[in-house]
Amino acid sequence: MDTELKSMNPDPSKTDPVSRDDGSNSKDDRPLLKSDSNRNSSTTGESIEDLEKKFAAYVRNDVYGPMGRGELPMVEKVLLGIAVVTLVPIRFVLALIILVVYYIICRLCTLFSAPNRDEEEDQEDFAHMGGWRREVIVWCGRFLSRMLLFVIGFYWISVSYRDIDLPDQNKSSSQNEGKDQSEEPERLGAIISNHVSYLDILYHMSASFPSFVAKRSVAKLPLVGLISKCLGCVYVQRESKSSDFKGVSGIVTERVKEAHENSSAPMMMLFPEGTTTNGDFLLPFKTGAFLATAPVRPVILRYPYKRFSPAWDSISGALHVFYLFCQFINHMEAIWLPVYYPSQEEKDDPKLYASNVRRLMAREGNLTMSDIGLAEKRIYHTALNGNISLPSVLHQKDD
């Protein structure tokens with residue numbers, strides 16, 4: 001479930017990390033990695049060190065090395081051996097039980113209920129279902145998501161709420177105070193988060209149970225498929241080059257507007273980077289989350305580690321899950337920033353809106369901004385796998 005929609009990337013040089021951009025030139029002292037996806041030569045002649053400099057946002061820096069295949073010290077091998085015969089079986093069984101229990105809850109709550117369908121866009125969900133059944137799905141989902149994180153070693157999660165001053169926020173507050181006291185302040189349209197791992201989804205499910213953008217194939221997976229429909233996921237086909245994109249973009253924009261205007265509508269959770277990083281970088285934001293011009297709530301996720309990094313960057317899913325289950329303790333930090341209300345200039349220019357939110361998150365999360373994307377990630381993975389046909393990968397577009 002690692003993506004958002006395709007759109008034009010914002011120009012990181014337009015905005016200042018502290019204040020909104022008013023059109024003047026500004027500089028950021030944060031280093032910026034430059035995209036190298038237009039080169040025509042193969043990278044096979046380059047050393048691993050050269051590749052890691054170019055694709056730093058996807059480099060694993062833990063003891064397990066690139067793709068989790070590094071040479072491990074003897075101490076680490078012993079710890080893995082102990083975990084394999086103790087932690088892994090217990091965690092696997094408990095995680096499976098939690099997944100099955102929640103699937104049964106979702107199945108029972110959706111019996112005799114027709115899903116919300118959009119035949120034209122091939123979308124289907126139960127997120128718009130109301131009443132006690134929806135309450136059961138949401139609260140059980142939040143509780144069991146947190147239990148699942150606990151089972152795999154996230155015994156405590158550090159959550160902080162930053163109270164920072166944002167330009168134009170005082171104006172928005174004054175406008176809200178000037179309304180009838182019975183009226184609520186302007187609602188969010190979406191939650192925006194950096195993307196480090198599939199674990200991000202479990203955290204956000206436990207925190208607010210929002211809807212996500214997911215690959216269309218997720219809807220057909222056993223157990224997970226029904227759960228994703230109860231979340232109200234918007235399904236996309238990443239590899240599709242058809243006009244399907246336009247419809248999905250419209251659906252996400254409508255869902256964001258709906259959440260902004262209707263308190264009973266499911267909230268959207270979007271990862272505007274479009275793919276995962278190693279957690280130290282922030283990729284360019286796609287504008288899909290900002291087209292509705294509704295306020296957003298930025299969230300920054302970090303995964304401090306000593307041995308194994310929970311970031312899902314250049315490691316296979318199966319190996320990542322295995323190593324994750326072998327760690328005795330895993331750590332996660334969540335930083336919630338204030339609601340970001342766009343200025344009129346940002347409403348008129350979604351790219352500017354996305355760029356300003358990105359710079360705010362980079363500053364508050366101490367993240368390095370990079371302008372590489374999914375295409376460069378594929379190049380790096382291909383190089384690590386020893387594929388000599390890199391030029392064919394260079395022309396793949398970032399979705």
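Only a predicted model underlies this, so the values are computations on that prediction, with no experimental measurement involved. (Residues numbered from 1 in each chain as written. Predicted model: local features only at pLDDT ≥ 70, side-chain atom pairs only at ≥ 80, totals over all residues. Heavy atoms only, no water.)

Asker: How do you make sense of unusual backbone geometry when you look at a structure like this?
Answerer: Peptide bonds are trans in most cases, and residues, glycine excluded, mostly fall at negative phi. You will see that L223, though not glycine, has its phi angle at about 65 degrees, which is positive. The partly exposed category is assigned to L223, whose relative accessible area is 23%. Residues other than glycine seldom take positive phi values, yet N366 does so here, at roughly 55 degrees. Mapped onto the elements, N366 comes out in the loop between α11 (350–365) and β11 (368–369). (Buried < 20%, exposed > 50% of the residue type's maximum accessible area, 1.4 Å probe, protein only. Helix = DSSP H or I, 4+ residues; strand = E, 2+ residues; numbered from the N terminus.)

Asker: What is the right way to look at the packing of aromatic side chains in this model?
Answerer: The geometry of an aromatic ring pair comes down to the distance between the two centres and the angle between the two planes. Applying the stated criterion across every chain, the model contains 14 aromatic pairs. Judged by centre distance (5.1 Å) and plane angle (70 degrees), the rings of F150 and Y155 are edge-to-face. With relative accessibility at 29%, the residue Y155 sits in the partly exposed group. Chaining the aromatic ring pairs together yields one cluster made of Y64, F308, F322 and Y323. (Phe/Tyr/Trp six-rings, centres within 6.5 Å; stacked < 30°, edge-to-face > 60°.)

Asker: Any chance you could explain the confidence of the model for the chain here in plain terms?
Answerer: Residues shown with low pLDDT carry predicted positions that ought not to be read at fine detail. Averaged over all residues, the pLDDT of the chain is 80; the fraction at 70 or higher stands at 76%. Scored below 50 in pLDDT, residues 170–182 shows four contacts in the model against residues more than four places distant or in partner chains. When the criterion is pLDDT under 50, residues 388–399 qualifies, and its contacts beyond four places in sequence or with other chains add up to 34 contacts. (pLDDT = per-residue confidence, 0-100. Contact = heavy atoms within 4.5 Å.)

Asker: Just to check I follow, could you spell out the sheet that holds strand β10 (residues 332–336) for this structure?
Answerer: Neighbouring strands of a sheet are bound in pairs by backbone hydrogen bonds; such pairs are parallel or else antiparallel. Pairing within the open sheet is mixed, and its five strands lie in the order β3-β10-β9-β4-β7. With partners counted over all chains shown, the strands left at the sheet margins are β3 (157–161) and β7 (268–270), one partner each. With direction set aside, neighbouring strand axes in the sheet form an average angle of 20 degrees. As paired strands, strand β4 (residues 190–193) and strand β9 (residues 296–302) are joined by four bridges and run parallel to one another. What sits directly across from I191, in β9, is R297. (Pairing = 2+ DSSP bridges. Axes fitted to C-alpha atoms, helices over the stretch in contact; angles between N-to-C directions.)

Asker: What is the right way to read the pattern of salt bridges from this model?
Answerer: Oppositely charged side chains are able to pair whenever their charged atoms sit close together. One pass over the full model with this rule turns up six salt bridges. Across the salt bridge formed by D62 and R60, the nearest N and O atoms sit 2.7 Å from each other. The closest approach of N and O atoms between E71 and K77, which form a salt bridge, is 3.3 Å. When its relative accessible area of 67% is taken as the criterion, E71 is described as exposed. (Salt bridge = Lys/Arg side-chain N within 4 Å of Asp/Glu carboxyl O.)

Asker: Explain the UniProt feature "transmembrane region" (unreviewed entry) in the chain to me, please; I cannot follow it from the model alone.
Answerer: According to UniProt, the positions carrying the feature "transmembrane region" (unreviewed entry) are residues 78–105 and 136–157. For the annotated span residues 78–105, helix accounts for 96% and strand for 0% of the residues, and the straight-line distance between the end C-alpha atoms is 40 Å. (UniProt positions renumbered as here; feature names shortened; annotations may be inferred.)

Asker: Looking at this structure, how should I read the nonpolar core?
Answerer: It is characteristic of soluble globular proteins that their nonpolar side chains tend to be buried jointly. Y102, L149, F154, L199, Y203 and F212 are the most contacted members of the largest nonpolar core, which has 61 residues in total. Where this core is concerned, the elements lending two or more residues are α2 (74–85), α3 (87–110), α4 (131–151), α6 (199–207), α7 (224–231), β9, α9 (317–326) and β10. The biggest single contributor to this core is α3, with eight residues. Counting 31 residues, the second largest nonpolar core, distinct from the first, contains M268, F290, V357 and L367. (Core = buried A, V, L, I, M, F, W, Y, C linked by side-chain atoms within 4.5 Å.)

Asker: Would you explain the pairing of β10 in this entry?
Answerer: Moving residue by residue along a regular strand, the side chains alternate between the two faces of the sheet. Across the five residues that make up β10, a large majority, four, are buried. In terms of strand pairing, β9 meets β10 through four bridges, oriented antiparallel. Across the sheet, the residue bridging to R302 is E333, located in β10.

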